[in-house]
Amino acid sequence: MAVPVAFFAVFFAYPVTAIVGRGLNAGGDWQFGRIGEVLSRPDILDVLWFTTWQALASTALTLLIALPGAYVFARFDFPGKQVLRAVVTVPFVLPTVVVGTAFLALLGRGGLLDELWGVRLDTTVWAILLAHVFFNYAVVVRTVGGLWSQLDPRQEEAARVLGAGRFAAFRRVTLPALAPAVAAAALMVFLFTFTSFGVVQILGGPAYSTLEVEIYRQTAQLLDLPTAAVLTLVQFAAVGGILAVHAATVRRRERALKLVDPAQTSRRPRGPGQWALLGGVLLTALLLILLPLGVLVERSFDGPGGYGFGYYRALQSAGSGASSTFLVPPLEAVGNSLRYALVATLIALVVGGLAAAALTRRAGRLVRGFDALLMLPLGVSAVTVGFGFLITLDKPPLDLRTSWILVPLAQALVGVPFVVRTMLPVLRAVDDRLREAAAVLGASPLRAWREVDLPLVRRAVLVAAGFAFAVSLGEFGATVFIARPDNPTLPVAVARLLGRSGELNYGQAMALSTILMLVCAVSLLLLERIRTDRSGEF
């Protein structure tokens, strides 16, 4: 636990505590009375209520739509499966401002829905919920589907032989085994929607505001740091309570599972029902995932003189419409993002892997509490973390203002929880008797881990690496404050272009977003091939 504790203490707890303390300690006097004052305001109570219920609704809707997809990816073999798995993960890494703009083009004035049926859904909660499902569909598919594909189907078949119906066998055998993965996926979806920023700001308009949006407004627009600090504390406390309840619930349901090679559980669909389920999942992916992505691609080629590569060619120069925004050509952001994401993934795997290994030992309340604390970066305002980095990591021995490592460190903070939540259910499902048998035969703890744990969790490690890499590519909230002007990341470059008026800037933003989608899709597809090639080693 030493390395994860030190990492979170220095790069998360210290910056967040410093920025909150500065907000509540204005002029040298602690303003704790401001907490009750802020929380009694009707506008703040409305923000708290909307933040909570839209997150619950988004989580429920995402599980309802994505769980059939998790089953299809876990149990069925069909042409294009690897490509489709990579495609459904692409939305998860897109900057929220890009996704909000894409859904605005679909659901807003002059959008596809407006042109076909004269219906507009922008500035409604339905646009927000659909965009949240678009974002988090892959979280459920990959987290739940990863464990589902390793569950031995013969256990459910045995229950059916003993007289249980299909639904009863699933409810009594498969669902309890999947409960930790489902709970972990639901937790991640809830945290992302609870702290939603770009989607709500663009699609919700002035009528809807989450805690994250309100913290940004109080900090950047109204310069009211005390109110922003109170809202950050509320967000922190709410997320901490949710994580504590989740950890206690999951522990009661965890048990050793019989895990098998995913290749043994995957087969072609049989019968009309399974083919219909596969068709429904493919249709959902087409309408929910591919349609918004197609809008981005179409707009990246739709220039003033017709369709062409004009916006892409403009990315090669720092002049023209981007001259006052970039010190380097926007296209250089692609290489910057890849380098930062690779380093962030390595950091996240080391820190998250050590944390997951420690959490499997069930070593008292300290470790159980640490399980919940690891998820807090997903529930704390990225605005707070970004400002915290600026005011704390600016003097020796941690003067990192001019160091390139600052961006990967911020990205790794968000990647570590994904590594932990992806690896932990599989690590805890390994039967302790296998480790004990290896020890009896003379294996050292390191060799027992290498011979017993690693073959079973290797697939989870690759999935965790894919998630960490994807999250790092699309991280925006904290990176926008610390990325240097001469080394912007892809999301930061897109946001800068969208923040400036003009058709050229908007077209360049769509082109850069399309490049981000392609980079992510290729990376995830390569990861899927590596995972498939090595699956026979389990």
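Just so it is clear, the model here is predicted, and its values are computed rather than measured. (Residues numbered from 1 in each chain as written. Predicted model: local features only at pLDDT ≥ 70, side-chain atom pairs only at ≥ 80, totals over all residues. Heavy atoms only, no water.)

Visitor: Help me get a handle on the pattern of salt bridges, residues and values and all.
Guide: In total, this model carries two salt bridges according to the counting rule given. With its nearest N and O atoms 3.0 Å apart, the salt bridge here joins R41 to D43. The class for R41 is partly exposed, based on a relative accessible area of 25%. Given a relative accessible area of 34%, D43 falls into the partly exposed group. Here E214 makes a salt bridge to R217, at a shortest N to O gap of 2.7 Å. Taken together, the residues span about one helical turn, with E214 and R217 both in helix α11 (residues 211–221) at a distance of three residues. (Salt bridge = Lys/Arg side-chain N within 4 Å of Asp/Glu carboxyl O. Buried < 20%, exposed > 50% of the residue type's maximum accessible area, 1.4 Å probe, protein only. Helix = DSSP H or I, 4+ residues; strand = E, 2+ residues; numbered from the N terminus.)

Visitor: So what's going on with a nonpolar patch on the surface? Which residues, and what values?
Guide: Nonpolar side chains collect at one region of the surface, where L112, L116, W117, V119, L283, L286, L287, L290 and L291 lie side by side and expose about 850 Å² of accessible area between them. Listed by contribution, the elements that provide at least two residues to the nonpolar patch are α6 (112–117) and α14 (271–301). Assignment of secondary structure puts L283 in helix α14. Relative accessible area serves as the criterion here: at 48%, L283 is assigned to the partly exposed category. (Patch = residues over 30% accessible without salt bridge, like charges linked within 9 Å, V, L, I, M, F, W, Y side chains within 5 Å. Areas by Shrake-Rupley, 256 points an atom, 1.4 Å probe, with all protein chains shown as cover.)

Visitor: Give me the nonpolar core: which residues, what numbers.
Guide: Counting 153 residues, the largest nonpolar core has F7 and F389 as its most contacted members. Aside from chain neighbours lying at most four places away, what touches F7 is F12, I347, V351, L409, A412, L413 and V416. (Core = buried A, V, L, I, M, F, W, Y, C linked by side-chain atoms within 4.5 Å. Contact = heavy atoms within 4.5 Å.)

Visitor: Break down helix α9 (residues 166–194) for me, with residues and values.
Guide: End to end, α9 covers just 35 Å across 29 residues, shorter than the expected 42 Å (1.5 Å per residue, more than 12% under). At L175, α9 shows its largest kink, close to 50°, and the proline P176 lies no more than four residues downstream. (Expected span 1.5 Å × (residues − 1). Bend = angle between axes of the 7 residues up to and from the residue.)

Visitor: Explain the layout of surface pockets to me, using residue names and the numbers behind them.
Guide: Within this model, the largest pocket holds a volume of roughly 910 Å³. Considering each element in turn, the lining of the largest pocket owes the most residues, four residues, to helix α10 (residues 198–204). Of the residues assigned to the lining of the largest pocket, the class counts are 26 nonpolar, eleven polar and two charged. (1 Å grid on protein atoms, 1.4 Å probe; cavity = no way out; pocket = protein on both sides within 12 Å on 5 of 7 lines; lining within 4 Å. Points joined across faces, edges and corners; volume = space filled by probe spheres on them. Nonpolar A, V, L, I, M, F, W, Y, C, P; charged D, E, K, R; others polar.)

Visitor: Describe the packing of helix α5 (residues 96–107) against helix α7 (residues 125–148), with residues and values.
Guide: Look at α5 against α7: their axes get within 11 Å of each other, and the N-to-C directions meet at 130°. Of the possible angle classes, the one that applies to α5 and α7 is oblique. Between α5 and α7 lies a crossing of right-handed hand. Facing α5, whose interface residues are T96, V99, F103 and L107, α7 presents A127, L130, A131, F134 and F135. Split by residue class, the contact of α5 with α7 holds eight nonpolar, one polar and no charged. (Axes fitted to C-alpha atoms, helices over the stretch in contact; angles between N-to-C directions. Parallel < 35°, antiparallel > 145°, perpendicular 65-115°, else oblique. Left-handed = near helix turned anticlockwise from the far one by under 90°.)

Visitor: Account for the packing of aromatic side chains, with residues named and values stated.
Guide: The way to describe two aromatic rings as a pair is by their centre distance and the angle between their planes. Across all of its chains, the model carries 14 aromatic pairs by this definition. Considering the side-chain rings of F7 and F8, the 5.7 Å spacing of their centres and the 80° angle between planes classify their relative orientation as edge-to-face. A relative accessible area of 8% means that F7 is categorised as buried. With relative accessibility at 7%, the residue F8 sits in the buried group. Plain terms: the ring middles of F301 and F309 are 5.3 Å apart, the flat faces sit at 85° to each other, and that makes the pair edge-to-face. Using a relative accessible area of 25% as the deciding quantity, one classes F301 as partly exposed. Since its relative accessible area comes to 51%, F309 is described here as exposed. The rings of F7, F8, F11 and F12 are connected pair by pair, giving a single aromatic cluster. (Phe/Tyr/Trp six-rings, centres within 6.5 Å; stacked < 30°, edge-to-face > 60°.)

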